[in-house]
Amino acid sequence: MVEVLKSSFEDLFPIIETCIRECSFVAFDTEFTGLTADSSNTETLFDDGPARYAKKRRDVQQFIMVQIGLSAFIEIPHENRYRVHTFNFYVYPGSFGSVNVKFLCQASALEFLCRHNFDFNKFIYDGISYLNEEQEKVLCNEIEELSVATDAECDYDEITVQEISSKISEWLATAKNEDKLVLEKPPSK
């Protein structure tokens, strides 16, 4: 099994991609911070597949995925067997701009993760960041708005900013508690 973290993802991606392209089939396993948030979503014997899926989906959306297991099965011709490549991804919903995910944790799910040696430090510090589609749209809009403002013509060039920064640094090096620095507004371009 290969552990895939934020720090190793770029190096491992070509290997993962090759395994997926060459495989006969893949299997996924996921771990979440919980599984059941609302008892009204409990499935019954009368639920068909789509109804059960809808209930489980509603339930799990309040939790976050913390780990994804991916196994790629490559058939070995004429041997009636498969070679398997397994990758274990720690994933963490980092905060980006205004996107700051809130999620539930269920004690039994965290206990399960602990019993199976889940590394919460890797999850938080080296988990691969991700966004869902809605979060991606929000972030793209924020970036777009920022780039519009950034692309606007600046009143001051970089040299002027550097000169002002130098004046402030020189003043800070020699200033006493009561000293004040008055800066003149530089002329616009």
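Our subject is the structure that appears above.
Quick look at the structure, then. (Residues numbered from 1 in each chain as written. Predicted model: local features only at pLDDT ≥ 70, side-chain atom pairs only at ≥ 80, totals over all residues. Heavy atoms only, no water.)

Points about the packing of aromatic side chains
Thought 1: One pass over the structure, following the stated rule, counts seven aromatic pairs.
Thought 2: With a centroid separation of 5.6 Å and an interplanar angle of 45°, the aromatic rings of Phe9 and Phe13 are classed as tilted. Taken as a pair, Phe9 and Phe13 lie in helix α1 (residues 9–22) at a separation of four residues, close to a single helical turn.
Thought 3: Under the relative-accessibility criterion, Phe13 is labelled partly exposed at 38%.
Thought 4: Residues Phe118 and Phe120 carry aromatic rings whose centres are separated by 4.8 Å and whose planes lie at 75° to one another, so their mutual orientation is edge-to-face.
Thought 5: We classify Phe120 as partly exposed; its relative accessible area is 29%.
Thought 6: Through pairs of rings, three or more aromatic residues link up here, namely Tyr90, Tyr92, Phe118, Phe120 and Phe123. (Phe/Tyr/Trp six-rings, centres within 6.5 Å; stacked < 30°, edge-to-face > 60°. Helix = DSSP H or I, 4+ residues; strand = E, 2+ residues; numbered from the N terminus. Buried < 20%, exposed > 50% of the residue type's maximum accessible area, 1.4 Å probe, protein only.)

Here's the deal with helix α2 (residues 49–60)
Thought 1: Between the first and last C-alpha of α2 there are 16 Å, a value that for 12 residues agrees with the 16 Å anticipated at 1.5 Å per step.
Thought 2: Two to three positions downstream of the cap, the backbone nitrogen of Ala51 sits 2.9 Å from a side-chain oxygen, assigning the N-cap of α2 to Asp48. (Expected span 1.5 Å × (residues − 1). Polar contact = N/O pair within 3.5 Å; in protein donor to acceptor, adjacent residues only side chain to side chain.)

Some details on the pattern of salt bridges
Thought 1: Applying the stated criterion across every chain yields a total of four salt bridges.
Thought 2: Among the ionic pairs, Asp47 bridges to Lys55, the shortest N-O distance being 3.0 Å.
Thought 3: Exposure remark for Lys55: the relative accessible area of 15% places this residue in the buried category. (Salt bridge = Lys/Arg side-chain N within 4 Å of Asp/Glu carboxyl O.)

Notes on the nonpolar core
Thought 1: With 12 residues, the main nonpolar core is built from Val4, Leu12, Ile16, Cys19, Cys23, Leu70, Ala72, Ile74, Phe87, Phe89, Val91 and Ile128.
Thought 2: Contributions of two or more residues to this core are made by α1, β3 (65–76) and β4 (81–92).
Thought 3: Among all residues touching Val91, those that are not within four sequence positions of it are Met65, Val66, Gln67, Ile68, Phe123, Gly127, Ile128 and Tyr130.
Thought 4: Counting residues in hydrophobic clusters, the runner-up holds seven residues, among them Leu5, Ile64, Val66 and Tyr90. (Core = buried A, V, L, I, M, F, W, Y, C linked by side-chain atoms within 4.5 Å. Contact = heavy atoms within 4.5 Å.)

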